[in-house]
Structure formats: C-alpha cells, structure tokens
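Letter by letter, the chains look like this.
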Amino acid sequence: MIQADAEALPFPDNCFDMVVMHLILAVVPHAGLAFAEASRVLKPDGRILLLDKFLRPGERAFWRRLLAPLSGPIATHTDLVFEDLLAQRPELQIVSDLPAAVGGWFRLITLEKTRAAPTP
C-alpha cells in the first residue's frame with residue numbers, strides 16, 4: 001500500500017486507467033491541486049469517478065455557504081462548485097453527472113480524459 005498526498009502524487013504522468021475520488025475533494029486543503037493531480041496521472045481515455053458534495057453553478061445553498069468558512073479549515077468544504085474545478089481541466093469531459101444522496105447534495109460524476117491532439 002502506498003500512502004501519498006493527493007495534492008502531490010508520487011506517480012508518473014499518464015499511468016492509471018482509472019482514478020477513484022470518493023469524498024476526497026471536499027476534505028483536501030486545495031481541491032484544485034488534487035483534481036489536477038488526478039488528471040495528470042490518468043491515461044488518455046481513462047476515467048475519473050467522483051463522489052462528493054458539490055454545489056451546482058448559481059446554487060444559493062445559504063446554509064452550506066454560511067458554514068464553509070468554519071467547516072473548511074477543520075473538516076470539509078461545503079461550498080465547492082464542481083464546474084469551477086472542471087473549468088481548469090479542459091482535458092476532462094463529463095460522461096455522467098447524477099445526484100447521489102441527501103437530496104442531490106452529493107453528486108456521482110464520471111469524467112473521461114481526452115486524447116491530446118497530435119502535434120504537426
């Protein structure tokens with residue numbers, strides 16, 4: 001078993017066919033870094049399976065946003081907008097996005113890494 005930092009994985013680029021991130025992005029200090037690392041180690045045509053609590057763009061979620069400054073530093077981020085993370089990773093495309101639990105508070109998302117365009 002290998003224990004590693006999700007924000008700095010000790011694996012080479014493009015080495016995994018699948019990355020499973022269940023309840024990870026809401027608890028790491030920098031979700032964007034962990035998400036970028038998952039994409040980096042994923043092979044082209046590989047998939048990322050995500051299960052986490054994400055807000056949808058424009059979702060008000062008053063209580064979740066109110067709790068975020070308190071809960072984020074000590075336990076879990078309640079105000080992550082998945083689409084904001086995805087916008088930083090153009091190589092990843094959504095295959096499916098399903099509400100999972102707690103009235104859709106959790107989302108089960110499958111992503112696929114596109115192949116890079118050939119260089120001329």
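That block above? That's the structure.
These numbers come from a predicted model, not from an experiment. (Residues numbered from 1 in each chain as written. Predicted model: local features only at pLDDT ≥ 70, side-chain atom pairs only at ≥ 80, totals over all residues. Heavy atoms only, no water.)

A. The pattern of salt bridges, seen in detail. Applying the stated rule across the entire model yields 8 salt bridges. Glu 91 is the partner of Arg 89 in a salt bridge, and the nearest nitrogen-oxygen pair spans 2.8 Å. Look at Glu 91 and you get buried, because its relative accessible area is 19%. If you follow the salt bridges from partner to partner, you end up with Asp 13, Glu 37 and Arg 40 in one network. (Salt bridge = Lys/Arg side-chain N within 4 Å of Asp/Glu carboxyl O. Buried < 20%, exposed > 50% of the residue type's maximum accessible area, 1.4 Å probe, protein only.)

B. Summary view of the side chain of Thr 110. Its location among the elements puts Thr 110 in strand 4 (residues 106-113). Leaving out residues up to four positions away in the same chain, Thr 110 has contacts with Arg 47, Ile 48, Leu 49, Gln 93, Ile 94, Val 95 and Ser 96. (Helix = DSSP H or I, 4+ residues; strand = E, 2+ residues; numbered from the N terminus. Contact = heavy atoms within 4.5 Å.)

C. Quick peek at the sheet that holds strand 4. Judged by pairing direction, the sheet is mixed, and its 4 strands sit side by side in the order 1-2-4-3 without closing on themselves. The sheet is open, and its two borders are formed by strand 1 (16-22) and strand 3 (92-99), each paired with just one other strand. Averaged over all pairs of adjacent strands, the angle between their axes in this sheet comes to 15°, without regard to strand direction. In the sheet, strand 2 (residues 42-53) pairs with strand 4 via 7 bridges, with the strands oriented antiparallel. Bridge assignment links Ile 48 to a residue of strand 4, and that residue is Leu 111. (Pairing = 2+ DSSP bridges. Axes fitted to C-alpha atoms, helices over the stretch in contact; angles between N-to-C directions.)

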